[in-house]
Amino acid sequence: MGLIVQKFGGTSVATAEKIHKAAQKVVAAQQAGNRVVVVVSAMGHTTDELIELAKKVWGESAGQPPKREMDQLLATGEQVTIALIALALCSAGHEAISFTGGQIGLITDRNFSKARIKELDKERIEKELALGKIVIVAGFQGVTDEGDVTTLGRGGSNASLVALGAALKADVCENYTDVDGIYTADPRIVPDARKIDRISYDEMMELSSVGASVLQTSAVEFAKKYNVPIHVRNSQHDGPGTWIVAETKAMEHIVVSGCALKKDLTRVTLKQVPDRPGIVAGLFGAIGTANVVVDDIIQNDMGDGSANVSFTVEHGDVADLKPVVDGKIKEWGGGKATYETNLGKISVVGVGMKQSTGVAAKMFSALAREKINIQNITTSEIRISCIVAKEDAEKALRAVHAAFELDKASQP
Ligand code: ADP
Ligand code: ASP
Ligand code: MG
């Protein structure tokens, strides 16, 4: 008997009708002879709506709303869906039981709004599965050791899916969403993007971290660590999707597998930073302690004993970053920070890049042909990224996709 963990994203459970449709997929998996655990997201745009509601109540009060209370609020979205899926299953004569993160002992650290999963108590789940029940778990949430409700970052139901898959040693984690699988680019921006049949964990991690929001980066990282295969599929039909698996030899001949765009970036520029050893170490150390991830770092020596330092962060992290930057400027006794949001970052990703040359030149030429100015370039072993003006970003993504002929690349 197999074990499948299925996750249904917000759009796949947005209405009563869609909840019934998701329930039918769950039943089909059980009737095919599997034990089934289901993870669900909040219905439709519930999480965004709850954030808007919180903003209205918090109003013009100073600073950010307390993260603990935001998590308490946002976790309610998923709690609604678990009960509704259980109702849909029970009404069709199936045995189902729903759990919040806390009820299955899904313990996280205390990093409210971006908590990381530490452990979960699989015994309760296994007991219910052994009784023949379908187990439904609220995605995106956990509790701290003290029992405080936490959330796992936007898209965090992916992390719940993979954590359950790893703990229960599932045969597969099925991620049901509103597209047919992982594409060579976001199909909403690049109409001729092609669905990929198989992609390695490393490539998917890079793609997610540079904008392919279909899967959360840390969830893919976790899947790699525990070697849990993820099958990304469309919740509206039964066709095969994309398998995210360990890298195989055959994957290496594909130089570029996909490209992605990130628009939620803020570039922070610090001027008159004292140019002496330990200054940037202290700055980025403090930013790391505030749990903010930075990228695209550039430092220029201004020749007058000072330096300019710039880097990008996600918009959502600016509120946590600002006090750190302000504190450092005070400590240095000078300096100035500016924040720009009119940026887009285009990236190409592929494991075959390790063995190939000319990828960067091809990308830069594609942007040059469109007269798009490159503001910054960063690379990893399997990725090249360029920062461009936000207004050019979608055009840039289409140009890069076309230059690498991603619409017709061969499959491993
Ligand atoms: P869910 O609610 O199911 O979690 P998301 O909205 O989080 O769905 O993720 C699905 C969306 O991710 C798609 O509708 C698509 O626009 C977007 N996306 C971005 N990049 C890609 C890509 N490379 N392949 C597939 N979808 C992508
Ligand atoms: N509901 C949460 C969000 O919108 C978690 C998720 O959908 O994965 O980010
Ligand atoms: Mg999602």
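Being a predicted model, the structure only gives us computed values, none of them experimental.

Thresholds, definitions, all that
- In this numbering scheme, every chain counts its residues from 1 along its sequence in written order.
- Labels follow written order: the first chain is A, the first ligand is 1, and so on.
- Owing to the predicted nature of the model, reporting of local features is limited to residues with pLDDT of at least 70; listing and counting of side-chain atom pairs is limited to 80 or more, with chain, interface and lining totals taken over all residues.
- In computing side-chain properties, one takes all heavy atoms of the structure into account and sets aside hydrogens as well as water.
- Each helix is a run of DSSP H or I of at least 4 residues and each strand a run of E of at least 2, with the numbering of both proceeding from the N terminus.
- Relative accessibility under 20% of the residue-type maximum defines a buried residue, over 50% an exposed one, and the middle range a partly exposed one, all with a 1.4 Å probe and only protein chains included.
- By convention in this text, a residue qualifies as near a molecule or strand provided that one of its non-hydrogen atoms is within 4 Å of it.
- Pairing of N or O atoms within 3.5 Å defines a polar contact, subject to two protein rules: one partner must be a possible hydrogen donor and the other a possible acceptor, and residues neighboring in sequence count only if both atoms are side-chain atoms.
- For every accessible area listed, the method is Shrake-Rupley and the probe measures 1.4 Å; residues are considered covered only by the protein chains on display.
- Only Asp, Glu, Lys and Arg are considered charged, only Ala, Val, Leu, Ile, Met, Phe, Trp, Tyr, Cys and Pro nonpolar, and every remaining residue, Gly among them, polar.
- For this analysis, a ring pair means two rings from Phe, Tyr or Trp (six-membered ring only for Trp) whose centres lie within 6.5 Å, classed as stacked if their planes differ by under 30 degrees, edge-to-face if by over 60, and tilted for the remaining angles.
- Here, strands pair whenever DSSP counts at least two bridges between them.
- Helix axes are fitted to C-alpha atoms over the stretch in contact, other axes to C-alpha atoms as well, and angles between N-to-C directions run from 0 to 180 degrees.
- Here, residues are in contact when the closest pair of their heavy atoms is within 4.5 Å.
- Method remark: on a 1 Å grid restricted to protein atoms, a set of points is classed as a cavity if a 1.4 Å probe fits but cannot get out and as a pocket if it is open with protein on both sides within 12 Å along at least five of seven lines; lining residues have an atom within 4 Å of a point.
- Grid points are joined across faces, edges and corners, and a volume is the space filled by probe spheres set on the points.

**Q** Looking at this model, I keep getting lost on the environment of Ala 130. Mind explaining?
**A** In this fold, Ala 130 is placed in helix H4 (residues 122–130). Relative accessible area serves as the criterion here: at 68%, Ala 130 is assigned to the exposed category. Residues Ala 130 and Tyr 201, 71 residues apart in the sequence, show an inter-C-alpha distance of 32 Å.

**Q** How should I be thinking about the site of ligand 2 in this particular structure?
**A** In the vicinity of ligand 2, the contacting residues are Ser 41, Thr 47, Glu 78, Phe 140, Arg 154, Gly 155, Gly 156 and Ser 157. One nitrogen or oxygen atom from the side chain of Thr 47 is found 2.8 Å from a nitrogen atom belonging to ligand 2. One of the side-chain nitrogen or oxygen atoms of Glu 78 is found 2.7 Å away from a nitrogen atom of ligand 2. For ligand 2, the protein covers 86% of the area, taking 260 Å² as the surface of the free molecule. The residue makeup of the shell around ligand 2, split by class, is 1 nonpolar, 5 polar and 2 charged.

**Q** Would you mind going over the site of ligand 1 with me for this structure?
**A** Among the 18 residues in the neighbourhood of ligand 1, the closest are listed as Thr 177, Asp 178, Tyr 183, Asp 186 and Arg 188. Asp 178 has a polar side-chain atom sitting 2.9 Å from an oxygen atom of ligand 1. Here ligand 1 loses 84% of its free accessible area of 580 Å² to cover by the protein chains. Here the residues of the shell around ligand 1 are counted per class, giving 8 nonpolar, 6 polar and 4 charged.

**Q** I would appreciate a short explanation of the packing of aromatic side chains in the present structure.
**A** Two aromatic rings, taken as a pair, are described by how far apart their centres are and by the angle between their planes. Enumeration over the complete set of coordinates arrives at 3 aromatic pairs. Here the aromatic rings of Phe 8 and Tyr 176 are separated by 5.0 Å at their centres, their planes lie at 5°, and the arrangement is stacked. Placement of the pair is Phe 8 in strand S1 (residues 2–8) and Tyr 176 in strand S9 (residues 172–177), with a sequence separation of 168 residues. Taken as a pair, Phe 8 and Tyr 176 share a single burial class, namely buried. Ring geometry for Phe 222 against Tyr 226: centres 4.8 Å apart, planes inclined by 45°, an arrangement best described as tilted. For Phe 222, a relative accessible area of 27% corresponds to the partly exposed category. Here Tyr 226 falls in the partly exposed class, since its relative accessible area comes to 43%.

**Q** Looking at this model, I keep getting lost on the sheet that holds strand S19 (residues 376–380). Mind explaining?
**A** In a beta sheet, neighbouring strands are held together by backbone hydrogen bonds and run either parallel or antiparallel to one another. The strand order across the open sheet built from 4 strands is S13-S18-S20-S19, with neighbouring strands paired in antiparallel fashion. Two strands in the sheet have a free side with no partner beyond their single neighbour: strand S13 (258–262) and S19. Strand-to-strand twist in this sheet, taken as the mean axis angle between neighbours without regard to direction, amounts to 20°. Bridge analysis of S19 against strand S20 (residues 383–389) gives 5 bridges, and the strand direction is antiparallel. Bridging across to S20, Thr 379 finds its partner in Ile 384. Together, S13, strand S18 (343–349), S19 and S20 form the strand contacts of helix H6 (residues 201–209), whose direction differs from that of S13 by roughly 25°. Against the sheet, helix H11 (residues 393–403) contacts S13, S18 and S20, and its axis sits at roughly 175° relative to S13.

**Q** Honestly, the layout of surface pockets in this entry has me stumped. Any pointers?
**A** Of the voids in this model, the second largest pocket is the one considered here, and its volume is about 190 Å³. Lining the second largest pocket, in full, are Ile 117, Lys 118, Glu 119, Leu 120, Lys 122, Ala 163, Ala 166, Ala 167, Phe 222 and Tyr 226. Secondary-structure elements contributing two or more residues to the lining of the second largest pocket are strand S5 (117–119) and helix H5 (157–167).

Geometric descriptors of this kind do not, in isolation, establish any biological role.
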